[in-house]
Amino acid sequence: MSKKRQIAIFDRLADQNSRIVTHTHNYSAGHKIPLHFHDRDQLVYASRGVMTVHTGNGTWVVPTNRAVWIPECVPHTISMSGMVAMRTLYLKAKLATSMPRDCCVVNVPPLLSELILHACKCGSLSARGAPHRHLIEVIVDQLKAVQTVPLQLPNLADPRAQRLAEILNADPGNRQSLARVCRTVGASGRTVERLFQEETGMTLGKWRQQLRLMQAMRLLGEGAKVSHAALESGYSTPSAFIAAFRKSLGTTPAAYFKVSVNGR
């Protein structure tokens, strides 16, 4: 049975004149913003909680104190893990020319965080007054220096690869061997490896590791302890998860989320 195609809603902002329009909203755990798009670039910042953004091209996980960059006219949904404090900047097209034309998760340094929060208190930023004009200039300048975070999974086009991705997505903690999972979709391991490499630039094993890391991120965002997040996401031990986390993100889960390993 084919999946029902979702129709993206054009969420047109009431303020079409300001160079930056802001949005402030706190969401409850489990809330999902349905498929929509804007005619502006977006910087969606999580000052608390973890968000998951889905587009036609992939999935991005956005932990606390990080943001996702979503270019104009990209249809997307956003799901909340834990309570989420979302602070969004809608930038006129071509204002932040240093940012990519694809979605990405970025680190938000302390200065940019304060700028986002201050801009959200202002409501909208036009270029008419000097204070707003200067604030816009500093925000755009700060965006030139942001660093991307490897917290995304590309989607797949081949039906066999799609089916395998669906199986793994349904249960990231699945401990079956990749060879066995490949057999369930009627393809050899070699074929699936080739498909994943061609379509995502990642091996199947790397794709699965990324899936598990992102699932653990969501669980940590919901308040889970590191040990629980690790085992539920398919890691053999919490130390294996911590090692994988450090290899990918350069620090420990506790330091990343600024909580103790015991979750207290």
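For the structure, see preceding data.
Since the structure is predicted, the reported quantities are computational estimates derived from the model, not experimental observations.

### Section: helix 2 (residues 130–143)
Here helix 2 contains 14 residues, and its C-alpha end-to-end distance of 20 Å stays within 8% of the 20 Å for a straight helix at 1.5 Å per residue. Considered for burial, the residues of helix 2 that qualify are Leu135, Ile136, Ile139, Val140, Gln142 and Leu143. When helix 2 is viewed along its axis, its buried side chains cluster within an angular range of 160° and face the same direction. Taken together, the buried residues of helix 2 touch strand 2 (20–27), strand 4 (41–54), strand 7 (76–91), helix 1 (110–122) and strand 9 (124–125).

### Considering the nonpolar core
Within the largest apolar cluster, 54 residues are counted, with the highest numbers of intra-cluster contacts made by Met51, Met86, Leu151, Leu164, Trp207 and Phe241. Of the residues forming this core, the biggest block, 9 residues, is contributed by helix 6 (residues 204–221). Once residues within four sequence positions are removed from consideration, Trp207 is found in contact with Leu153, Pro154, Leu156, Ala165, Leu168, Asn169, Phe196, Thr200 and Met202. Within the second largest apolar cluster, 25 residues are counted, among which are Ala96, Val108, Cys120 and Leu125.

### Topic: the state of the cysteines
Using the criterion set out here, one finds 0 disulfides in the structure. Of all cysteine sulfurs in the structure, the one in Cys103 sits closest to Cys104, which takes part in no disulfide; the separation is 7.6 Å. The buried category is assigned to Cys104, whose relative accessible area is 9%. Among the cysteines around Cys120, which has no disulfide bond, Cys122 carries the closest sulfur, lying 9.1 Å off. You can call Cys120 buried: its relative accessible area is 12%.

### Let's talk about the packing of aromatic side chains
Overall, the coordinates contain 5 aromatic pairs when judged by the stated rule. Aromatic pair Phe10 and Phe37: ring centres 5.2 Å apart, planes at 10°, arrangement stacked. Placement of Phe10 in strand 1 (residues 9–10) and of Phe37 in strand 3 (residues 32–37) is noted, with a sequence separation of 27 residues between them. Note on Phe10: relative accessible area 38%, which makes it partly exposed. With a centroid separation of 5.0 Å and 50° between ring planes, the pair formed by Tyr235 and Phe241 is classed as tilted.

### Some thoughts on the environment of Arg133
Relative to the helices and strands, Arg133 resides in helix 2. For Arg133 and Arg19, which are 114 residues apart along the polypeptide, the C-alpha to C-alpha distance reads 9.1 Å. Non-local contacts of Arg133, meaning those with residues more than four positions away in its chain, are made with Ser126, Ala127 and Arg128.

Conventions and cut-offs
Here the residue numbering is sequential within each chain, running from 1 through the sequence in written order. The model is predicted, so local features are restricted to residues of pLDDT at least 70 and side-chain atom pairs to those at 80 or more, both for listing and for counting; the totals for chains, interfaces and linings are taken over all residues. Working from all heavy atoms in the structure, the side-chain values ignore hydrogens and water. Only DSSP runs of H or I reaching four residues or more are called helices, and only runs of E reaching two or more are called strands; each is numbered from the N terminus. Take the number of residues in a helix, subtract one, and multiply by 1.5 Å to get its expected span. The cut-offs for exposure are 20% and 50% of the maximum accessible area for each residue type, with area from a 1.4 Å probe on protein chains only; residues under the lower value are buried, those over the upper are exposed, and the others partly exposed. An arc is given here, and it is the one of the directions from the helix axis to the C-beta atoms. Any pair of residues with heavy atoms lying within 4.5 Å of one another is described as a contacting pair. Throughout this description, the term nonpolar core refers to a set of buried Ala, Val, Leu, Ile, Met, Phe, Trp, Tyr and Cys residues connected via side-chain atoms within 4.5 Å. Any cysteine sulfur atom paired with another within 2.5 Å is treated as part of a disulfide. We call Phe, Tyr and Trp rings a pair once their centres come within 6.5 Å, taking the six-membered ring for Trp, and we label the pair stacked below 30 degrees between planes, edge-to-face above 60, and tilted otherwise.

Function cannot be read off these values alone, since they describe shape.
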